[in-house]
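Working through the structure, step by step
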Amino acid sequence: MEKPVLSPDFTIEDIHKLREYNYEMTKHMTTEEKLLYYNTPSTDAEEQIKMFRKKRN
């Protein structure tokens, strides 16, 4: 499954896309693999959050 494209307004639909993406990515993982997946920060996501915060301020 491809990474979801999020809208600049971050709507409820974006949340649904993210949840579906995470489900598809983790549905066949073991518990240990899921822990690693969720506890390892994504640098791309962190950079996007910083960018949105800068734009907002």
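The coordinates are above.
The following refers to the structure shown. Please read all numbers here as calculations on a predicted model, not as lab measurements. (Residues numbered from 1 in each chain as written. Predicted model: local features only at pLDDT ≥ 70, side-chain atom pairs only at ≥ 80, totals over all residues. Heavy atoms only, no water.)

**Considering the overall build of the protein chain**
For clarity, the cut-off: The helix count covers DSSP runs of H or I at least four residues long, the strand count covers runs of E at least two residues long, and both are numbered beginning at the N terminus. As a reference, a globule follows 2.2 Å times the number of residues to the power 0.38, and the radius of gyration itself is taken over C-alpha atoms. Buried means the residue's accessible area, taken with a 1.4 Å probe over protein chains only, is under 20% of the maximum for its type, while exposed means over 50%, and partly exposed covers the values in between. Areas reported here follow the Shrake-Rupley algorithm with a probe of radius 1.4 Å; residue values treat only the protein chains shown as occluding.
For the protein chain, the count of helices and strands is 3 helices and 0 strands. Computed over C-alpha atoms, the radius of gyration of the protein chain comes to 13 Å, more than 25% over the 10 Å expected from 2.2 N^0.38 for 57 residues, which places it beyond the range of a compact globule. Along the first, second and third principal axes, the C-alpha set of the protein chain runs to 40 × 20 × 15 Å. Here the protein chain, with 57 residues, has 5% of them falling under the buried criterion. Of the roughly 5500 Å² that the protein chain leaves accessible, carbon and sulfur atoms contribute 55%.

**Notes on the packing of aromatic side chains**
Each pair of aromatic rings is reported with the distance of its centres and the angle of its planes. Here is the rule: Between rings of Phe, Tyr and Trp, where Trp is taken as its six-membered ring, a pair exists when centres lie within 6.5 Å; planes separated by under 30 degrees are stacked, by over 60 edge-to-face, and by other angles tilted.
Per the stated rule, a full pass over the model turns up 1 aromatic pair. Geometrically, the ring pair formed by tyrosine 37 and tyrosine 38 is edge-to-face, given 5.0 Å between the ring centres and 80° between the ring planes.

**Quick look at a nonpolar patch on the surface**
Just so we agree on the cut-off: What makes a patch is a set of residues exposed beyond 30% relative accessible area and free of salt bridges, joined within 9 Å when like-charged and within 5 Å when nonpolar (Val, Leu, Ile, Met, Phe, Trp, Tyr). We count a salt bridge whenever a side-chain nitrogen from Lys or Arg sits within 4 Å of a carboxyl oxygen from Asp or Glu.
Taken together, the side chains of Leu6, Phe10, Ile12 and Ile15 present a nonpolar region at the surface, about 340 Å² in accessible area. By the secondary structure assignment, phenylalanine 10 is in the segment before helix H1 (12–26).

**Points about the pattern of salt bridges**
Tallied over the full model, the rule gives 2 salt bridges. A salt bridge links aspartate 14 to lysine 17, with the nearest nitrogen and oxygen atoms 3.9 Å apart. Within this pair, aspartate 14 and its partner lysine 17 are both found in helix H1, separated by 3 residues, close to a single helical turn. Looking at aspartate 14, the relative accessible area reads 1%, which means it is buried. The salt bridge partner of lysine 27 is glutamate 24, with a shortest N-O separation of 2.9 Å.

**Examining the environment of glutamate 32**
On the secondary structure map, glutamate 32 appears in helix H2 (residues 31–39). For glutamate 32, a relative accessible area of 67% corresponds to the exposed category. A sequence separation of 10 residues divides glutamate 32 from asparagine 22, and the C-alpha atoms of the two residues are 16 Å apart.

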